[in-house]
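Take a look at the letters that make up each chain.
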Amino acid sequence: MKEKIIKFINQIYFGIYLCTGEALPPTIYKGRKTYLHSFWGNKLCFIMILFYVSSIVSLAVYCLGNNIAHLVYRNFEYRLIYSFLVIGISLLIGRITSLEGEKGLSYFETFIAWPRSTKIKWEIYSVLAFIVGAIFCTLGIVLPVIK
C-alpha cells in the first residue's frame, strides 16, 4: 500500500514536471544515471507539498481550540515554531516520497515511456492537485482567523 501511495505521488510530481516542460529522459553523468535537476519542476513540487502541510497543520491548530490558535497565531515565538514545523514536515514528506531520491528517478524513467494521452491525463491531475492544495492552504490560513 505504501508503495502505491508513493508511486501515485510521484506520478503527480511527474505531471508537474511535464507542465513545466522539464520531464527529461535520464542522462549518464560520471558513470551514473541521473536526471537533470530542473528549477521550476522541483520548486513547484515543494510548494505543493508546503500547501498541503500548511493546511493540515493549520487545521490541527484550529481543532485544538480557540485559546491555542490565538496563542500560536499572535505570539512570535509560537509562530516561529509553527513555521519550522511546517517546513520540517514538508522536507520530510519530500524525502519520503522520493522527490530527490533514486526511487523517484526510477519512477520517472518508467513514466517517460507512457503514451502521450496518459501524460496529458497526469498533467491535468497535477494541476488540479496544485490548485486544490492552494485552496486548502488559503482555507487553513483564513479559518483560524475567522474563529
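What you see is a predicted model, and the numbers here were worked out from it, not measured in a lab. (Residues numbered from 1 in each chain as written. Predicted model: local features only at pLDDT ≥ 70, side-chain atom pairs only at ≥ 80, totals over all residues. Heavy atoms only, no water.)

Novice: Could you clarify how one ought to interpret the packing of aromatic side chains in this entry?
Specialist: Each aromatic ring pair is characterised by the separation of its centres together with the angle its planes make. This structure, assessed with the given rule, holds 8 aromatic pairs. Ring centres of Phe8 and Trp122 lie 5.6 Å apart, and the angle between their planes is 70°; on these two criteria the pair is classed as edge-to-face. Placement of Phe8 in helix 1 (residues 2-20) and of Trp122 in helix 6 (residues 116-146) is noted, with a sequence separation of 114 residues between them. (Phe/Tyr/Trp six-rings, centres within 6.5 Å; stacked < 30°, edge-to-face > 60°. Helix = DSSP H or I, 4+ residues; strand = E, 2+ residues; numbered from the N terminus.)

Novice: How should I be thinking about the packing of helix 1 against helix 2 (residues 39-64) in this particular structure?
Specialist: When two helices pack together, you describe them by how their axes are tilted relative to each other and by the distance separating the axes. As a packed pair, helix 1 and helix 2 sit with axes 9 Å apart at the nearest point and diverge in direction by 135°. In terms of orientation, helix 1 lies oblique with respect to helix 2. In this structure, helix 1 crosses over helix 2, and the sense of that crossing is right-handed. Of helix 2, the residues touching helix 1 (which contributes Ile12, Tyr13, Ile16, Tyr17 and Thr20) are Trp40, Gly41, Asn42, Leu44, Cys45, Met48 and Ile49. Taken together, the residues that form the contact of helix 1 with helix 2 break down as 9 nonpolar, 3 polar and no charged. (Axes fitted to C-alpha atoms, helices over the stretch in contact; angles between N-to-C directions. Parallel < 35°, antiparallel > 145°, perpendicular 65-115°, else oblique. Left-handed = near helix turned anticlockwise from the far one by under 90°. Contact = heavy atoms within 4.5 Å. Nonpolar A, V, L, I, M, F, W, Y, C, P; charged D, E, K, R; others polar.)

Novice: Help me understand helix 2 in this model?
Specialist: Owing to its 3.6 residues per turn, the α-helix aligns residues three or four sequence positions apart on the same side. With 26 residues, helix 2 should reach 38 Å at 1.5 Å per residue; the first-to-last C-alpha distance of 38 Å fits that figure. Those residues of helix 2 not exposed but buried are Gly41, Asn42, Cys45, Met48, Ile49, Val53, Ser54, Ser55, Val57, Ser58 and Val61. Gly65 sits one or two residues past helix 2 and shows a positive phi near 125°. (Expected span 1.5 Å × (residues − 1). Buried < 20%, exposed > 50% of the residue type's maximum accessible area, 1.4 Å probe, protein only.)

Novice: It is not clear to me how the layout of surface pockets should be interpreted in this structure. Could you clarify?
Specialist: Empty space among the atoms becomes visible once a probe the size of a water molecule is rolled across them. The calculated volume of the largest pocket comes to roughly 240 Å³. Looking at the lining of the largest pocket, the elements that each hand over two or more residues are helix 1 and helix 2. Of the residues assigned to the lining of the largest pocket, the class counts are 10 nonpolar, 1 polar and no charged. (1 Å grid on protein atoms, 1.4 Å probe; cavity = no way out; pocket = protein on both sides within 12 Å on 5 of 7 lines; lining within 4 Å. Points joined across faces, edges and corners; volume = space filled by probe spheres on them.)

Novice: I keep staring at helix 1 and nothing clicks. Help me out?
Specialist: For helix 1, with 19 residues, the first-to-last C-alpha span of 27 Å sits near the 27 Å given by 1.5 Å per residue. Buried within helix 1 we find Ile6, Asn10, Gln11, Ile12, Tyr13, Phe14, Gly15, Ile16, Tyr17 and Leu18.

Novice: Please explain the environment of Ile93 as it appears in this structure.
Specialist: Checked against the element boundaries, Ile93 lands in helix 4 (residues 76-96). The spatial distance from the C-alpha of Ile93 to the C-alpha of Phe46 is 9.4 Å, given a sequence separation of 47 residues.

Novice: What's the story with the nonpolar core in this structure? I'm lost.
Specialist: Nonpolar side chains tend to gather and get buried jointly when the protein is soluble and globular. Tyr13, Met48, Val61, Tyr82 and Phe108 are the most contacted members of the largest nonpolar core, which totals 23 residues. Of all the secondary structure elements, the ones that give two or more residues to this core are helix 1, helix 2, helix 3 (66-74), helix 4, helix 5 (102-112) and helix 6. The element contributing the most residues to this core is helix 1, with 7 residues. (Core = buried A, V, L, I, M, F, W, Y, C linked by side-chain atoms within 4.5 Å.)

Novice: Looking at this model, I keep getting lost on the environment of Ile96. Mind explaining?
Specialist: Tracing the backbone shows Ile96 in helix 4. It is 8.1 Å that separates the C-alpha atoms of Ile96 and Ile6, two residues lying 90 residues apart in sequence.

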